Amino acid sequence: MVDLGVKIGNLDLKNPVMTASGTFGYGLEFEDFFDLNRLGGFVVKGTTLHARQGNPYPRSAETPSGMLNAVGLQNRGVKYFAEYIYPKLEKFQTNVLVNVSGSTVEEYVECAEVINELEHIPGIELNISCPNVKEGGMTFGTSCPSAEAVVREVRKVYDKHLMVKLSPNVTSIEEIARAVENVGADSVSLINTLLAMAIDAESRKPLLSTITGGLSGPAVKPVALRMVWQVAQAVKIPIVGMGGIMNAADAVEFMLAGASAIQVGTAGFVDPLAPVKIVEGIEDYLKRHKIESVTDLVGSL
Ligand SMILES: Cc1cc2nc3c(=O)[nH]c(=O)nc-3n(C[C@H](O)[C@H](O)[C@H](O)COP(=O)(O)O)c2cc1C
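Keep in mind the model is a prediction, meaning the values are calculated, not measured. (Residues numbered from 1 in each chain as written. Predicted model: local features only at pLDDT ≥ 70, side-chain atom pairs only at ≥ 80, totals over all residues. Heavy atoms only, no water.)

Participant: Kindly report on the overall build of the chain, identifying the contributing residues and their values.
Facilitator: A count of helices and strands for the chain gives eight helices and 16 strands. Reported as C-alpha extents along the three principal axes, the dimensions of the chain are approximately 50 × 50 × 40 Å. Counting only residues that meet the buried cut, the chain has 60% of its 301 residues in that class. For the chain, restricting intrachain contacts to residue pairs at least 6 apart in sequence, the fraction spanning at least 24 positions comes to 72%. Of the roughly 12900 Å² of accessible surface on the chain, 51% is carried by carbon and sulfur atoms. On the chain, the mean spot of the 26 positive side-chain charges and the mean spot of the 34 negative ones are 3 Å from each other. (Helix = DSSP H or I, 4+ residues; strand = E, 2+ residues; numbered from the N terminus. Buried < 20%, exposed > 50% of the residue type's maximum accessible area, 1.4 Å probe, protein only. Contact = heavy atoms within 4.5 Å. Areas by Shrake-Rupley, 256 points an atom, 1.4 Å probe, with all protein chains shown as cover. Lys, Arg positive; Asp, Glu negative; His and termini not counted. Charge placed at Lys NZ, Arg CZ, Asp CG, Glu CD.)

Participant: Go over the site of the ligand with me, naming the residues and quoting the values.
Facilitator: If you check the shell around the ligand, you find 20 residues, and the closest are S21, K165, G217, G244 and T266. Take T266: an N or O atom from its side chain is 2.6 Å from an oxygen atom of the ligand. Against a free-state accessible area of 600 Å², the protein chains account for coverage of 94% of the ligand. Because more than half of its atoms lie within 2 Å of the grid, the ligand is assigned to the largest pocket. Residues of the shell around the ligand, tallied by class, amount to four nonpolar, 15 polar and one charged. (Near = heavy atom within 4 Å. Polar contact = N/O pair within 3.5 Å; in protein donor to acceptor, adjacent residues only side chain to side chain. 1 Å grid on protein atoms, 1.4 Å probe; cavity = no way out; pocket = protein on both sides within 12 Å on 5 of 7 lines; lining within 4 Å. Sits in = over half its atoms within 2 Å of the grid points. Nonpolar A, V, L, I, M, F, W, Y, C, P; charged D, E, K, R; others polar.)

Participant: Tell me what's going on with the side chain of N127, and back it up with residues and numbers.
Facilitator: Tracing the sequence through the fold places N127 in strand β8 (residues 123–127). Overall, N127 belongs to the buried group, its relative accessible area being 4%. A distance of 3.2 Å separates a polar atom in the side chain of N127 from a polar atom in the side chain of S101. Apart from residues no more than four positions distant in its own chain, N127 is found in contact with L73, N99, V100, S101, Y108, K165 and N192.

Participant: Residue-level account of the layout of surface pockets, with values.
Facilitator: Put simply, the largest pocket is a space of about 740 Å³. Around the largest pocket sit 37 residues that line it, and S21, G22, T23, N69 and T193 are the ones nearest its centre. At the level of elements, β4 (41–47), β6 (66–69) and β14 (212–216) are the ones that each hand at least two residues to the lining of the largest pocket. Residues that form the lining of the largest pocket fall into these classes: 13 nonpolar, 21 polar and three charged. (Points joined across faces, edges and corners; volume = space filled by probe spheres on them.)

Participant: Account for empty space enclosed by the protein, naming residues and giving values.
Facilitator: This model, assessed by the stated rule, comprises one cavity of 30 Å³ or more. Roughly 40 Å³ of volume is contained in the largest cavity. Taken together, T19, T23, F24, F30, V264, G265, G268, P272 and P275 make up the full set of residues lining the largest cavity. Residue composition of the lining of the largest cavity, by class: five nonpolar, four polar and no charged.

Participant: Kindly report on the packing of aromatic side chains, identifying the contributing residues and their values.
Facilitator: According to the stated counting rule, one finds eight aromatic pairs in the structure shown. Their ring planes at 35° and their centres at 5.8 Å tell us that Y26 and F81 sit as a pair that is tilted. Residue Y26 is found in the loop between β3 (17–19) and β4, and its partner F81 is found in helix α1 (residues 78–89); the two are separated by 55 residues along the sequence. F81 sits in the buried class, given a relative accessible area of 0%. Relative to Y84, the ring of Y80 lies with its centre 4.9 Å away and its plane at 40°, an arrangement referred to as tilted. On the criterion of helical spacing, the pair formed by Y80 and Y84 is a turn pair, its members being four residues apart in helix α1. Owing to a relative accessible area of 25%, Y80 belongs among the partly exposed residues under this scheme. The rings of F24, F30, F33, F34, F42 and F92 are connected pair by pair, giving a single aromatic cluster. Taking the ring centre of Y57 as reference, the NZ or CZ of R59 above it sits at 4.3 Å. (Phe/Tyr/Trp six-rings, centres within 6.5 Å; stacked < 30°, edge-to-face > 60°. Lys NZ or Arg CZ within 6 Å of the ring centre and 35° of its normal.)

Participant: Could you give an account of a nonpolar patch on the surface, naming the residues involved and the relevant values?
Facilitator: There is a patch of nonpolar side chains on the surface, built from M197, I199 and I211 and spanning about 300 Å² of accessible area. Along the chain, I199 falls in strand β12 (residues 199–200). (Patch = residues over 30% accessible without salt bridge, like charges linked within 9 Å, V, L, I, M, F, W, Y side chains within 5 Å. Salt bridge = Lys/Arg side-chain N within 4 Å of Asp/Glu carboxyl O.)

Participant: Break down the packing of helix α4 (residues 173–182) against helix α5 (residues 221–234) for me, with residues and values.
Facilitator: Their axes nearest at 9 Å, the elements α4 and α5 cross at an angle of 45°. Here α4 lies oblique to α5, going by the angle between them. Both α4 and α5 take part in a crossing whose hand is right-handed. Between α4, through I173, E174, A177, R178 and E181, and α5, the contact on the second element is made entirely by M227, Q230, V231 and A234. A class-by-class count of the residues in the contact of α4 with α5 yields five nonpolar, one polar and three charged. (Axes fitted to C-alpha atoms, helices over the stretch in contact; angles between N-to-C directions. Parallel < 35°, antiparallel > 145°, perpendicular 65-115°, else oblique. Left-handed = near helix turned anticlockwise from the far one by under 90°.)

The structure is reproduced here in C-alpha cells:
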C-alpha cells in the first residue's frame with residue numbers, strides 16, 4: 001500500500017491531483033465520466049462579484065502542442081454560484097475550491113466574503129493572473145505592491161485556505177510568490193496561461209477575437225516546471241503546480257520540482273478521464289519505485 005495523501009497547509013487531500021479552474025466547469029459536467037470523489041480536489045470556474053459575458057468569439061484556438069484561450073471569465077457571478085451551484089456541490093467528499101477574480105480589490109474582497117460563508121468550500125484560489133480581461137486580472141499579479149494589496153485585503157475577510165494563483169507573465173515569479181506569502185497566502189498555485197497569439201496566414205487575421213490570449217498545454221510545461229522549481233526555492237508555503245500536465249509522469253516531475261500537489265487543465269479537453277488516470281499513474285509510479293508516501297517526492301530532485 002502506498003500513501004497518496006498530501007497536506008496543503010490546512011487542506012487535506014486524499015491524493016495530490018486537482019483539476020484546474022476554467023477547464024472543469026463546476027465539476028458537475030464531468031460526473032458522467034468518473035466519480036469526482038476520486039480526486040484530491042477540484043477548482044471550479046473563475047467567479048467574480050458580478051456576472052460577466054466573457055470575450056467575443058472566437059475565444060479559443062488550437063496551436064502546436066497547446067491551446068490558446070481568451071474566455072474572459074464568463075460566469076454568472078458569486079451570488080448565483082452561492083444560490084444555485086453550491087447546493088449541488090455540497091455532496092462531494094473532496095475539496096471543492098472556488099477560483100476568485102475581480103476588477104478591483106473591493107470586488108475580490110466582496111466575492112471572498114460571500115464564499116467565506118459557504119461551509120463546504122474549504123478554500124479559494126485567488127486568480128491574480130488572468131491574461132484575458134481588460135481590467136484587473138493579471139495586472140494584480142504582475143507587481144509586488146498590487147499582488148500584496150489584494151491578498152492582504154482578502155486575508156482580512158477570508159478565514160479558510162487562501163491559495164494564490166500566480167502569473168507566469170512576469171520578470172521574477174519568485175518575488176511575487178514571496179510577496180503574497182508575506183501577507184498571508186496559505187499556498188501558491190502556478191502557472192496560469194502564458195500571454196501568446198496565433199495568426200491565420202490565409203485570412204491574415206488573428207485566431208482570437210482579442211488578438212492575444214493565454215497559452216496552455218504541453219507547450220508550456222517546461223516553463224511551468226522551471227517556475228515551480230524557482231518558487232520552491234523562494235517560499236516556505238506549499239506549491240500547487242500546473243501547466244501542461246498530461247499524464248502521471250508529468251505530475252511526478254512537478255512534484256520533484258517542489259510542488260506538493262498538481263492541477264490538470266488542458267489534458268481534460270483531450271481526455272476527460274485524464275485526472276483520474278493521473279491519480280492511478282502516480283500510485284503505480286510509487287509502487288514501481290518502492291516509495292511509501294507521495295510526499296517523499298516533493299522537492300526531491
Ligand atoms: C479554457 C480555459 C479557461 C481557463 N479559465 C481560467 C479561470 O477562469 N481562472 C484561472 O485561474 N485559470 C483559468 N485557466 C488557466 C488554467 O486553470 C491553467 O492555469 C492553465 O491552463 C495551465 O494548465 P494546463 O496547461 O494544464 O491547462 C483557464 C485555462 C483554459 C484552457
